[in-house]
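Topology and contacts: notes
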Amino acid sequence: MVWGQGARKPLFGLLLRAQQQAARGYSSAFQTRVLGTHVPQNDIFDRRFSSQASSSEQMNLIKQLRERTSAPIKDVKASLVSCNWDIEAAQKDLRKRGVVLASKKSSRTAAEGLLAIAQDEKKAAVIELNCETDFVARNDVFQYLASSVAKMALSAQGPGELFLPFGPDYLENMSINLGHPKLSGETTVQNAVTEVAAMVGENVKLRRGFMLSTTAHGVVSSYLHTCPQPGLGRIAGLVTLEAEDSSALLDALKTVGASIAMHVVATKPLFLSKELVSAAALENEREILRTQAESSGKSQMAMDKMVEGRLRKYFEEVVLMEQKYILNDSKNVKTVLSDLSKEVGSKVTIGNFIRMQVGEGIERPEAAEGSEPVARAA
């Protein structure tokens, strides 16, 4: 018994000294980390140590970073873990990851998206921003970017440019200031597109755009179909109306211009007037009509009449001025302009028009034949 008590005392002493040394060592290490690290006011200190972040704190950090960046949850968590739950470092890490991921996805087909229009009374700009799914097209960051790029394109339009088509390279290196809380402020258009691609996890591309302006006395009118918010849509029609007399009132031109822009969306004209139909398009159509007429077995004179009659029908389908007006099919667009000229006391003409549709001309690997959407007036 005496031997057991004597042996127990050194054992307890060793344990006690070990505990004290461990406590002093932890305290020293703790103080060193406190003194060597700037401690923010809002409990970020706890976030710097993965061993100190509880499950609830980790979930809260994931939620906060997700709200800041809109990045996928798995990427948010991976960045937080790799950065020891430091939310500021994780946000920077996400941006670096995003550039890499965006470049990997750049070869994927992006045929969805939105058109964005920015305009004033004399000029307008429309751009197409593409993504892979209509789900991303409903994302508020994606929509904000589309609107911002359109506004920047409008401000970049030079004087005297009545009609200017452009590709992505026209805007990519221009500076753009993004006021959205999830975006990085002032950057280039290309960097902004890459940043949004990283956030939404899809290939995002600025595809094309048009700038349209009118003369000293005229208006630019637009119409957007399938419009999630003002200035955004999937199909766009723009038209310029110009009055010869500088004293003509423009209110009537604005009203008729808006309806003709809607007409353009619904009817898909290819040419403004018969005189502007290209020789190649006209000869191709004549050849098709001759082949159809020859199968009728009628005389040459009868076949020639058939070709000319069907050619008039072709003009009514593809020439804006010859098309039946969608709001009153007893008139064509030429007659509508004639009536407008009488109303304002000056000859009114259409300067230019544009029709754009999201994804047109992009080959969709999964699209079924004949699945191209048909534009209709809302």
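Every residue gets a number counted from 1 within its own chain, in the order that chain's sequence is written. Under the rules for a predicted model, residues below a pLDDT of 70 receive no local features and side-chain atom pairs below 80 are neither given nor counted, while totals for whole chains, interfaces and linings still include all residues. Values shown for side chains rest on all heavy atoms present in the structure; no hydrogens or waters enter the calculation.

Quick reminder of the rule: UniProt positions are given in the numbering used here, feature names are shortened, and annotations may be inferred rather than shown by experiment.
Within an unreviewed UniProt entry, the label attached to the chain reads Elongation factor Ts, mitochondrial, and the organism entered is Digitaria exilis. Turning to the chain, the UniProt annotation filed under Sequence similarities (unreviewed entry) states: "Belongs to the EF-Ts family." Per UniProt, the comment on the chain under Function (unreviewed entry) is "Associates with the EF-Tu.GDP complex and induces the exchange of GDP to GTP. It remains bound to the aminoacyl-tRNA.EF-Tu.GTP complex up to the GTP hydrolysis stage on the ribosome."

**Digging into the nonpolar core**
Defined as follows: What is meant by a nonpolar core is a set of buried Ala, Val, Leu, Ile, Met, Phe, Trp, Tyr and Cys residues, joined one to another through side-chain atoms within 4.5 Å. Burial here depends on accessible area, computed with a 1.4 Å probe over protein chains only, as a share of the maximum for the residue type. Under 20% is buried, over 50% is exposed, and the range in between is partly exposed. For the purposes of this entry, the term helix denotes a DSSP run of H or I that reaches at least four residues, the term strand denotes a run of E that reaches at least two, and both are numbered from the N terminus. Contacts between residues were defined by any pair of non-hydrogen atoms, one from each residue, lying within 4.5 Å.
Counting residues in each nonpolar core, the largest one holds 34 residues, and the members touching the most others are Ile127, Leu129, Phe142, Leu145, Val149, Leu171 and Val204. Mapped by element, the contributors of at least two residues to this core are β1 (112-119), β2 (123-131), α6 (134-137), α7 (140-156), β4 (175-178), α8 (189-200) and β6 (205-213). Here the element with the most residues in this core is α7; it accounts for nine residues. When residues no more than four places from it in sequence are discounted, the contact partners of phenylalanine 142 are Gly113, Leu114, Leu129, Asn130, Cys131, Val136, Ala137, Val196 and Val204. Counting residues in hydrophobic clusters, the runner-up holds 28 residues, among them Val239, Ala243, Ala248 and Leu340.

**Some words on the sheet that holds strand β7 (residues 218-225)**
Quick reminder of the rule: In this description, strands pair whenever DSSP reports at least two bridges between them. Angles shown run from 0 to 180 degrees and are taken between the N-to-C directions of axes, each axis being a line fitted to C-alpha atoms and, for helices, limited to the stretch in contact.
Read from one edge to the other, the open sheet built from three strands follows the order β7-β9-β12, with strand pairing classed as antiparallel. The open sheet has two edge strands, β7 and β12 (348-357), and neither has a second partner. Each strand of the sheet is rotated relative to its neighbour by a mean of 15°, with strand direction disregarded. In the sheet, strand β9 (residues 235-243) pairs with β12 via eight bridges, with the strands oriented antiparallel. What sits directly across from glycine 237, in β12, is arginine 355.

**Description of the packing of aromatic side chains**
Our working rule: A pair of aromatic rings is counted whenever rings of Phe, Tyr or Trp (Trp by its six-membered ring) have centres within 6.5 Å, and the orientation is called stacked for planes under 30 degrees apart, edge-to-face for over 60 and tilted otherwise.
Under the definition given, this model contains three aromatic pairs. An angle of 50° between the planes, with centres 6.0 Å apart, marks the rings of tyrosine 314 and phenylalanine 315 as tilted. Phenylalanine 315 sits in the buried class, given a relative accessible area of 14%.

**Some remarks on the pattern of salt bridges**
Under the convention used in this document: Any carboxyl oxygen of Asp or Glu that lies within 4 Å of a side-chain nitrogen of Lys or Arg is treated as forming a salt bridge with it.
Taken as a whole, this structure holds 13 salt bridges when the rule is applied. Taking the shortest distance from any N to any O, the salt bridge between glutamate 128 and arginine 208 comes out at 2.5 Å. Separated by 80 residues along the polypeptide, glutamate 128 in strand β2 and arginine 208 in strand β6 bring together distant segments of the chain. Assigned by exposure class, glutamate 128 and arginine 208 land together as buried. Through salt bridges with shared partners, a single network forms among Glu128, Arg207, Arg208 and Glu360.

**Here we look at the sheet that holds strand β3 (residues 163-166)**
Reading across the sheet, the five strands line up as β3-β6-β2-β1-β8 and stay open at both edges, with antiparallel pairing between neighbours. For this open sheet the edge positions go to β3 and β8 (232-233), each flanked by a neighbour on one side alone. Sheet analysis places β3 next to β6, joined by four bridges and oriented antiparallel. By the bridge assignment, phenylalanine 163 is partnered in β6 with leucine 212. The strands touched by α7 within the sheet are β1, β2, β3, β6 and β8, with β2 carrying the most contacts at an inclination of about 145°.

**Notes on helix α9 (residues 251-267)**
Quick note on the threshold: By this rule the span expected of a helix is its residue count minus one, scaled by 1.5 Å.
Its 17 residues give α9 an end-to-end C-alpha distance of 25 Å, which sits within 8% of 24 Å, the value for a rise of 1.5 Å per residue. Among the residues of α9, those classed as buried are Ala252, Leu253, Val256, Gly257, Ser259, Ile260, Ala261, Met262, His263, Val264 and Val265. Close packing links the buried residues of α9 with β7, β9, β10 (324-325), α12 (333-344) and β12. The first or second residue beyond α9 is lysine 268, which carries a positive phi of 55°.

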